[in-house]
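# Descriptive structure summary
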Amino acid sequence: MRIEIELDGTDPPVGRVSGRDQPLPFSGWIDLLAVLSDIIETTRDEDGDLGARAQPELGEDV
């Protein structure tokens, strides 16, 4: 998985996170963490584990 964070400002952090279809905007640390959490949650399987589909080149033991 590749996640890119583009910053427009740093105090508070403002910008966009790219990791799925469309870049997701954020404003502030809590919003940034929520966006990152949302992106990571979409890669989890039904047991809550980050599965091989998140990084298929690493195989099933990930």
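Below or above, wherever it landed, is the structure these notes cover. Computed from a predicted model, the values in this text were never measured in an experiment. (Residues numbered from 1 in each chain as written. Predicted model: local features only at pLDDT ≥ 70, side-chain atom pairs only at ≥ 80, totals over all residues. Heavy atoms only, no water.)

## With respect to the overall build of the protein chain
We apply this condition: Helix numbering and strand numbering both begin at the N terminus, where a helix is a DSSP run of H or I of at least 4 residues and a strand a DSSP run of E of at least 2. Only protein chains enter the accessibility calculation, which uses a 1.4 Å probe. A residue is then buried if its area is under 20% of the maximum for its type, exposed if over 50%, and partly exposed in between. Only heavy atoms enter the contact rule, under which two residues are in contact if any of them lie within 4.5 Å. Residue burial considers only the protein chains on display, and all accessible areas are found by Shrake-Rupley using a 1.4 Å probe.
Helices and strands together make up the secondary structure of the protein chain, namely one helix and three strands. Start at the N end of the protein chain and walk to the C end: the helices and strands fall as β-β-β-α. Here the protein chain holds 62 residues, and 21% of them are scored as buried. Taking as baseline every contact in the protein chain between residues at least 6 positions apart, the subset at least 24 positions apart corresponds to 12%. For the protein chain, the accessible surface area stands at approximately 4,600 Å², while carbon and sulfur atoms represent 50% of it.

## Things to note about the pairing of strand β1 (residues 4-10)
Going by this rule: A pair of strands counts as paired when DSSP detects no fewer than two bridges linking them.
As paired elements, β1 and strand β2 (residues 13-18) share six bridges and run antiparallel to each other. Note on β2: the bridge partner recorded for Thr 10 is Pro 13.

## Notes on the nonpolar core
Stated precisely, the cut-off is as follows: What we call a nonpolar core is a set of buried Ala, Val, Leu, Ile, Met, Phe, Trp, Tyr and Cys residues that are connected through their side-chain atoms within 4.5 Å.
Listed in full, the six residues of the largest apolar core are Val 17, Phe 26, Leu 32, Val 35, Leu 36 and Ile 39. A total of four residues in this core trace back to one element, the largest contributor, which is helix α1 (residues 29-41). Not counting chain neighbours up to four residues away, the residues in contact with Leu 32 comprise Ile 5, Val 17 and Phe 26.

## Focus on the environment of Ile 40
Secondary-structure assignment places Ile 40 in helix α1. Classification of Ile 40 by relative accessible area gives partly exposed; the value is 30%. The sequence separation of Ile 40 and Met 1 amounts to 39 residues, and the corresponding C-alpha distance is 9.0 Å.

## What about the environment of Gly 15?
Position of Gly 15 among the secondary structure elements: in strand β2. With relative accessibility at 4%, the residue Gly 15 sits in the buried group. Each C-alpha atom, one on Gly 15 and one on Pro 25, is 5.7 Å from the other, the two residues being ten residues apart in sequence. The contacts of Gly 15, once residues within four sequence positions are left out, are Glu 6, Leu 7, Asp 8, Leu 24, Pro 25 and Phe 26.

## Brief notes about the sheet that holds strand β3 (residues 24-27)
Inclusion rule: Where helices are involved, their axes are fitted lines through C-alpha atoms of the stretch in contact, as for all axes, and angles between N-to-C directions lie from 0 to 180°.
The strand order across the open sheet built from three strands is β1-β2-β3, with neighbouring strands paired in antiparallel fashion. Strand pairing shows two members of the sheet lacking a second neighbour, β1 and β3, which therefore form its edges. Direction aside, neighbouring strands of the sheet carry axes that sit 20° apart on average. Docked against the sheet, α1 engages β1, β2 and β3, running at close to 150° with respect to β3.

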